[in-house]
Amino acid sequence: MSAPERIPARRVSDQDLVLLARGELRVQGQIRDASNAVLLCTVTHEGREARCVYKPVRGERPLWDFPDGTLAQREVAAYEVCEALGWGLVPPTVLRDGPYGEGMCQLWIDGPADDAEDAEDAEDAEALGVGRLLALVDAQEPAEGWKAIGFAEVEEGRTALLVHADDPRLRRLAVLDAVINNGDRKGGHLLVDAGDHLYGIDHGVTFNVEDKLRTLLWGWAGEPLTEEATGALEGLRERLRDGEPLAVRLGELITGAELEAVRERVAALLKSGRHREPSGEWPAIPWPPI
Ligand SMILES: Nc1ncnc2c1ncn2[C@@H]1O[C@H](COP(=O)(O)OP(=O)(O)O)[C@@H](O)[C@H]1O
Ligand SMILES: [Mg+2]
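Residues numbered from 1 in each chain as written. Chains lettered and ligands numbered in written order. Predicted model: local features only at pLDDT ≥ 70, side-chain atom pairs only at ≥ 80, totals over all residues.

## Let's talk about the domain arrangement of the chain
Interface size, as often reported, equals the accessible area lost upon joining of the parts. So the rule is basically this: Marked domain ranges trace back to an automatic or database domain assignment. Contacts here follow a simple rule: the backbone-placed C-beta atoms of the two residues must lie within 7 Å. Each residue is assigned to one class: nonpolar for Ala, Val, Leu, Ile, Met, Phe, Trp, Tyr, Cys and Pro, charged for Asp, Glu, Lys and Arg, and polar for all the others, Gly among them.
Here the chain is described as being made up of domain 1 (1-108) and domain 2 (111-223 + 275-290). Contacts between the two partners involve 20 residues from domain 1 and, on the opposite side, 19 residues from domain 2. Grouping the amino acids of the side of domain 1 that touches domain 2 by side-chain chemistry returns 15 nonpolar, 1 polar and 4 charged.

## Notes on the site of ligand 1
Put simply, the rule reads: By definition, a residue lies near a molecule or strand when the C-beta atom built from its backbone is within 6 Å of it.
Near ligand 1 lie 16 residues; those nearest to it are Ala-34, Ser-35, Asn-36, Ile-109 and Asp-202. Classifying every residue of the shell around ligand 1 gives 9 nonpolar, 6 polar and 1 charged. Taken together, domain 1 (1-108) and domain 2 (111-223 + 275-290) each give at least three residues to the shell around ligand 1, which thus spans both.

## A few points about the environment of Asp-193
Stated formally: Helix numbering and strand numbering both begin at the N terminus, where a helix is a DSSP run of H or I of at least 4 residues and a strand a DSSP run of E of at least 2. With C-beta atoms placed from the backbone, a residue is labelled by how many other C-beta atoms lie within 10 Å of its own: buried for 20 or more, exposed for 12 or fewer, partly exposed between the two.
By the secondary structure assignment, Asp-193 is in the loop between β9 (190-192) and β10 (198-200). Using a count of 16 C-beta atoms within 10 Å as the deciding quantity, one classes Asp-193 as partly exposed. Taking the C-alpha atoms as reference points, Asp-193 and Gly-111, 82 residues apart in sequence, are found 4.4 Å from one another. Among residues more than four places away in sequence, those in contact with Asp-193 are Ile-109, Asp-110 and Gly-111.

## Comments concerning unusual backbone geometry
For Asp-33, which is not a glycine, the phi torsion comes out positive at approximately 70°. Note on placement: Asp-33 falls in the loop between β1 (24-30) and β2 (39-45). Owing to 6 C-beta atoms within 10 Å, Asp-33 belongs among the exposed residues under this scheme. Of note in this structure, Phe-207 is not a glycine but carries a positive phi near 70°. By the element assignment, Phe-207 lies in the loop between β10 and α5 (227-239).

## Let's talk about the environment of Trp-287
Along the polypeptide, Trp-287 turns up in the segment after α7 (256-272). Of the residues examined, Trp-287 has 8 C-beta atoms within 10 Å and is grouped as exposed. It is 33 Å that separates the C-alpha atoms of Trp-287 and Leu-246, two residues lying 41 residues apart in sequence.

## Things to note about helix α4 (residues 168-180)
Note the threshold: Multiplying 1.5 Å by the residue count of a helix minus one yields the expected span of that helix.
If you check α4, its first and last C-alpha atoms are 19 Å apart, about what 13 residues at 1.5 Å a residue would give, namely 18 Å. Across the 13 residues that make up α4, a large majority, 12, are buried. Turning to α4, its buried residues are Arg-169, Leu-170, Arg-171, Arg-172, Leu-173, Ala-174, Val-175, Leu-176, Asp-177, Ala-178, Val-179 and Ile-180. Looking one or two residues beyond α4, the residue adopting positive phi is Asn-181, at roughly 60°.

## Observations regarding the nonpolar core
The nonpolar side chains of soluble globular proteins are, as a tendency, buried together. Heads up, the rule is: The term nonpolar core means buried Ala, Val, Leu, Ile, Met, Phe, Trp, Tyr and Cys residues held together as one set by C-beta atoms within 7 Å.
In this structure, Cys-82 and Leu-176 are the most contacted members of the largest nonpolar core, which totals 66 residues. Both domains that meet at this core, namely domain 1 (1-108) and domain 2 (111-223 + 275-290), each give it at least three residues. With residues near it in sequence (within four places) discarded, Leu-176 still touches Cys-82, Leu-85, Trp-87 and Leu-89.

## Details of the sheet that holds strand β3 (residues 48-56)
The condition that has to hold: Criterion used throughout: strands pair if DSSP finds at least two bridges between them. In this analysis, axes come from line fits to C-alpha atoms, helices being fitted only over the stretch in contact, and the angle between any two N-to-C directions falls in the range 0 to 180 degrees.
Strand order in the open sheet formed by 5 strands is β1-β2-β3-β5-β4, with antiparallel pairing between adjacent strands. Across the chains shown, the open sheet's two edge strands, defined by having one partner strand only, are β1 and β4 (93-96). When strand polarity is set aside, the average angle formed by the axes of neighbouring strands in this sheet is 35°. With 6 bridges joining them, β1 and β2 adopt antiparallel strand pairing. Of the residues in β2, the one forming a bridge with Gly-29 is Leu-40. Helix-sheet contacts for helix α1 (residues 14-22) involve β2, β3, β4 and β5 (103-107), and the interaxial angle to β2 is about 110°. The strands touched by helix α2 (residues 71-85) within the sheet are β3, β4 and β5, with β4 carrying the most contacts at an inclination of about 145°.

## As for the sheet that holds strand β7 (residues 146-155)
Note: strands within a sheet are paired through backbone hydrogen bonds, in either parallel or antiparallel orientation. Within the open sheet, the 3 strands sit side by side as β6-β8-β7. Their pairing is antiparallel. Single-partner strands in this sheet number two, and they are β6 (134-137) and β7. Across this sheet, the average inter-strand angle for adjacent strands is 30°, counted without regard to direction. In terms of strand pairing, β6 meets strand β8 (residues 158-165) through 4 bridges, oriented antiparallel.

## What to know about the packing of α5 against α7
Short version of the rule: Each crossing gets its handedness from the near helix: less than a right angle anticlockwise from the far helix is left-handed, clockwise is right-handed.
Viewed as axis vectors pointing N to C, α5 and α7 meet at an angle of 145°, and their least axial separation amounts to 10 Å. Crossing of α5 over α7 shows left-handed handedness. Packed against α5, whose contacting residues are Thr-230, Leu-233, Glu-234, Leu-236 and Arg-237, the element α7 presents Val-266, Ala-267, Leu-269 and Leu-270 at the interface. Residues of the contact of α5 with α7, tallied by class, amount to 6 nonpolar, 1 polar and 2 charged.

Written as structure tokens, this is what we have:
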């Protein structure tokens, strides 16, 4: 496996954040089949324009186990924590006012298939993107370069092995998810852009004080954390101390108990030096997984 140090982490420019936070937001359409209101918008500021998603708080479906704050705040908190780890795995995300009130605004990530001229092109492009990261295979063991997630019943009486790539970017994402306690890391929440940069999206169900980790990325469970991840977690631990700007910011986005739970999860990862293992007998996997 290539050394994690060599994975480029996309650096977020301040310009992206200014554009998202201050730009004029125009709604272009609504993403269908989303569980909350997810609006595709353009944002324009001082001659720059970008596409983004805007999820107004008003469009959030209430969740009984997330009674405090808003899902939008949790999405921003996930972005802030990821930036503190230095991994650039979450597209730039801000909290702001918009045409339907306060919400989260996140840079839109074009997949390789978005530039495709026809359906065949789109399929080829998809195979190069997320298609290279997740697969269902007719086997008992993962092939070289893949990690097993578990068996899934693909049709009545037939099971297949769900696998993810042994990819250093996914490995970082597995650590981020353990820190933010992500309850919904499924295939559709992984995006790969044309430059082959990996992003995770949809971080509304995160930061609960209870263990809610539900993910596909169990392939490294119980294995030692990479040195690079340990260093990043040590840096994060410092930045989570009372009074540090990150801690202050998170204090505005999640509850005090939830912030304390983040500190505890970081401490537990550093103490064990290993990737999270499932808390139950079976790994908690989102359904449907892809
Ligand atoms: N930043 C983004 N870039 C590109 N596509 C996105 C982005 N955010 C969301 N999407 C698209 O919109 C869909 C719904 O968004 P998601 O965040 O999963 O909303 P929900 O909370 O309703 O599940 C995603 O599955 C994805 O296809
Ligand atoms: Mg979703």
